[in-house]
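Below, each chain spelled out in residue letters.
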Protein chains: 2
Amino acid sequence: MATGGNSDGIDWLSYPHEVLAVVLSVRRGQLCVLLWRRARAPFRGRWSLPGGGVEPDERLRDAITRHLATKVDVRELAHREQLATHSAVGRDPRARVLATAYLGLVPSDVDPALPSDTAWQPVDDLPPLAFDHHFFIDAAVERLRAKLSYTNIGFALAPHEFAISELRDIVSAALGYDVGATNLTRVLSRRHMIESTRRTASSGATGGRPATLYRFATRHLTVTDPFAVLKPPRHGADTTEH
Amino acid sequence: MATGGNSDGIDWLSYPHEVLAVVLSVRRGQLCVLLWRRARAPFRGRWSLPGGGVEPDERLRDAITRHLATKVDVRELAHREQLATHSAVGRDPRARVLATAYLGLVPSDVDPALPSDTAWQPVDDLPPLAFDHHFFIDAAVERLRAKLSYTNIGFALAPHEFAISELRDIVSAALGYDVGATNLTRVLSRRHMIESTRRTASSGATGGRPATLYRFATRHLTVTDPFAVLKPPRHGADTTEH
DNA sequence: ACAAAAGTGTTGGTCGTACACCCATGC
DNA sequence: GCATGGGTGTACGACCAACACTTTTGT
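Which residues make up the packing of aromatic side chains, and what values go with them?
In this description, an aromatic ring pair is defined by two values, namely the gap between the centres and the angle between the planes. Residues and elements named next belong to chain A. Here the structure, examined in full by the defined rule, presents six aromatic pairs over all chains. Relative to phenylalanine 216, the ring of phenylalanine 155 has its centre 6.5 Å away and its plane inclined at 70°; by these criteria the two rings are edge-to-face. With a gap of 61 residues between them, phenylalanine 155 in the loop between α2 (133–150) and β8 (162–163) and phenylalanine 216 in strand β10 (residues 212–216) connect regions that are remote in the sequence. In terms of burial, phenylalanine 155 and phenylalanine 216 fall into one category: buried. Between the aromatic rings of phenylalanine 162 and phenylalanine 216, the centroid separation amounts to 5.4 Å while the plane-to-plane angle is 50°, which identifies the pairing as tilted.

Have a look at this one:
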C-alpha cells in the first residue's frame, strides 16, 4: 500500500493485484470449472480459482495466460475475456488485494494434463470455495449463457469439427436445459455461424445415418444478433447523425 | 510497485490503481460524455475522464462515486456498472497505473452543476483525449447501445416521468438512429417495462393532443429479453438438472 | 427387414416494423 | 375548421419451436 511515487506526479495508492481465471468447459455432459485445491492457509484445503500475481512488464491478460500455462498446464484457451475486478476490502483476510477475473473457454475435445491438485468441477454442484471466488464463477456462467444466444461464443466450447448432435449436447450442457438439434442447426445456419464440411462421421456401432461434420465459420467472437428489438430502420434514408 | 508484504503470505506486486468514470447522458438531442480538461502534464489541455485514486478502506465503486461527487458534482447517477480494467504498461507515461472504468448514466432532466473545466461532449464528435480514455468511452457507448435492446437500462437516461416522444428522442440519440414512437411504445409495454401514469402533459403552444405521461416500471437494471434464440423448452417438463 | 440416428418439410405462433387511420387539443 | 401532435388498428414479414416425415446407415 505504498504510494505510486509522488516524484512522478502520481499520488495514488498502490494495492497488490491478482488475476484469476474462470476456465469453463463441458466435461462428461456437464459444464465444469477448473478448480485448484489450496495447500496453505487461509482456506487451506478449499477449492479456488487458478491465478496469481502480475509481473511489472505484464498485462493482466498475459499474467492469467502465464499462470494457466505454468501452474495448471492449460495452453489451449479457445476464448478469453475479462470478467470483472473485485475490490471488497476484506476479500482476502491477509491484506487488501484487488482481483481481476477472466473467463476462459476450453473445447470439449482438448484434455489438458492437470496436476493432481486441480480438477474439473461441475458448476451445478460446486464444493465450498475460498475467498469470493464463488461470485466470479457465477458471473462467468451467466455471461457464457447470455452470449450463447446472441454471439458465436459456442465455437470455444466445441471441437474444431463436430456433428450437430455433439454440438447440441455441448450447448445443452452449457445452458443447463435441452435444445433441439433441428432448430439449433437452423438457427446457426441462418446466421452463417456454422458451415458444413462435406464430410461425414462414421456412424456408431449401433447403426444410424452418419452425421455430417460441421465447423464454425469463424473462431473469433462475433455478435450475430446485435439488435433483438429497436432495430435500425430498414428502408428509408439512414438517419444516423453525420 | 512494492510487494504486498511477504509477512502476510502475499508476495504479489502492487501497482497504483485509479478509477475512471464514463458518465453518459443525452444533452440537446445528442449522447454526450462528461469530460474534464487536464490542467497539468502529461496531456495538459487535453480532455480526459474524471476519476482518481482509491482510498485504503474504499471499494472501487465507492471511489468513483466520491470522485464524481467532489470533483465534478455529479451525485445523481441513475445507473452505474463496472466496464473494464486496463493494464497496458505504457498507458500512463509517468508510471504503471492500472485503471478500472465505470459506466455511469444521468437522466436527461437532471443538470448537475459543473466546474468550468468540465463539460458534456457529444460522443460522435470527440476532441483528442488523454491516455487511453478513448477506449473506455468506446466500450461504454457500445455497452449502452447493446443493453438498450435487451434490458430496461433506458430508465437511467430518461426523466422519472416522460411522454413517449421524449423517450423516443432520448433512445434515438443514444442509439444513433431514429426509432419510431409507435413501436417503442408497443415493445416497452409488452415487456412491462413502462406503464402509464393516468395523467397527461399539457399540450404545447402549437396545439396537438396532450401526451400521456409514462414511467418505467422499475428503476433497477433488469434483463427483459434474456434469450433471443435457443429459448428454454416451453412445454414438457423442465429438463434443467436438479 | 428392422432399429437407430440424421436431416428436411411444414405448421402455427410470437414478435416487430411499417403505415394507415382515428383522437384531442390550440388557434 | 384546420393544423399539429398523440395514440390505435392492421397487415406483412421474419423468425423460431414443435413435430411429423424422410433418408441413410448397421445388424
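Resuming the write-up.
Tell me what's going on with the domain arrangement of chain A, and back it up with residues and numbers.
Residues and elements named next belong to chain A. Here chain A is partitioned into domain 1 (2–133) and domain 2 (149–241). Using C-alpha coordinates to define each centre, domain 1 is positioned 30 Å away from domain 2. The interface of domain 1 with domain 2 comprises 14 residues on the first partner and eleven residues on the second. Note on domain 1 versus domain 2: buried area summed over both sides is about 930 Å², and carbon and sulfur give 70% of it. Taken together, the links from domain 1 to domain 2 amount to zero salt bridges.

Outline the sheet that holds β8 of chain A, supporting the account with residue identities and numerical values.
All names here are of chain A. Pairing is antiparallel in the open sheet, where three strands are placed in the order β8-β10-β9. Strand pairing shows two members of the sheet lacking a second neighbour, β8 and β9 (194–200), which therefore form its edges. The pairing of β9 with β10 spans four bridges and is classified as antiparallel. Following the sheet pairing, glutamate 195 is matched in β10 by arginine 215.

Describe the packing of α2 of chain A against helix α3 (residues 164–175) of chain A, listing the residues and the values that go with them.
All names here are of chain A. In the contact formed by α2 and α3, the axes pass within 9 Å of each other and the chain directions differ by 135°. When the interaxial angle is binned, α2 and α3 end up oblique. Counted together, Leu144, Arg145 and Leu148 of α2 and Ala173, Ala174 and Leu175 of α3 form the full contact between these two elements. Residues of the contact of α2 with α3, tallied by class, amount to five nonpolar, no polar and one charged.

So what about the side chain of histidine 79 of chain B? Which residues, and what values?
Residues and elements named next belong to chain B. With respect to the helices and strands, the residue histidine 79 is situated in strand β5 (residues 79–86). Of the polar contacts made by the side chain of histidine 79, one reaches the side chain of glutamate 81; its length is 2.7 Å. Beyond its immediate stretch of four places on either side in the chain, histidine 79 contacts Leu103, Gly104, Leu105, Ile153, Phe155, Ala156 and Leu221.

Now, about the pairing of strand β7 (residues 118–122) of chain B: what can you tell me, with residues and values included?
Within a regular strand, side chains alternate between the sheet's two faces. Residues and elements named next belong to chain B. Among the five residues of β7, four are classified as buried, and the element is accordingly described as predominantly covered. Both strand β2 (residues 30–37) and β7 contribute to a ladder of five bridges, which runs antiparallel. Residue pairing across strands places leucine 35 opposite alanine 119, the latter belonging to β7.

Run through the pattern of salt bridges, naming residues and quoting values.
Per the stated rule, a full pass over the model turns up 22 salt bridges over all chains. In this structure, aspartate 73 of chain B engages arginine 75 of chain B in a salt bridge whose closest nitrogen and oxygen atoms are separated by 2.4 Å. For aspartate 73 of chain B, a relative accessible area of 25% puts it in the partly exposed group. Overall, arginine 75 of chain B belongs to the exposed group, its relative accessible area being 61%. When the shortest N-O distance is used, the salt bridge between arginine 91 of chain B and aspartate 132 of chain B registers 2.8 Å. Residue arginine 91 of chain B is located in the loop between β5 and β6 (98–105), and its partner aspartate 132 of chain B is located in the loop between β7 and α2 (133–150); the two are separated by 41 residues in the primary sequence. Each of the two residues, arginine 91 of chain B as well as aspartate 132 of chain B, counts as buried. Ionic contacts of the salt-bridge type, sharing partners, join the residues Glu18, Arg91 and Asp132 of chain A into one network.

Basis of the calculations
Residues numbered from 1 in each chain as written. Chains lettered and ligands numbered in written order. Predicted model: local features only at pLDDT ≥ 70, side-chain atom pairs only at ≥ 80, totals over all residues. Heavy atoms only, no water. Phe/Tyr/Trp six-rings, centres within 6.5 Å; stacked < 30°, edge-to-face > 60°. Helix = DSSP H or I, 4+ residues; strand = E, 2+ residues; numbered from the N terminus. Buried < 20%, exposed > 50% of the residue type's maximum accessible area, 1.4 Å probe, protein only. Domains from an automatic or database assignment. Contact = heavy atoms within 4.5 Å. Buried area = accessible area lost by both parts, 1.4 Å probe. Salt bridge = Lys/Arg side-chain N within 4 Å of Asp/Glu carboxyl O. Pairing = 2+ DSSP bridges. Axes fitted to C-alpha atoms, helices over the stretch in contact; angles between N-to-C directions. Parallel < 35°, antiparallel > 145°, perpendicular 65-115°, else oblique. Nonpolar A, V, L, I, M, F, W, Y, C, P; charged D, E, K, R; others polar. Polar contact = N/O pair within 3.5 Å; in protein donor to acceptor, adjacent residues only side chain to side chain.

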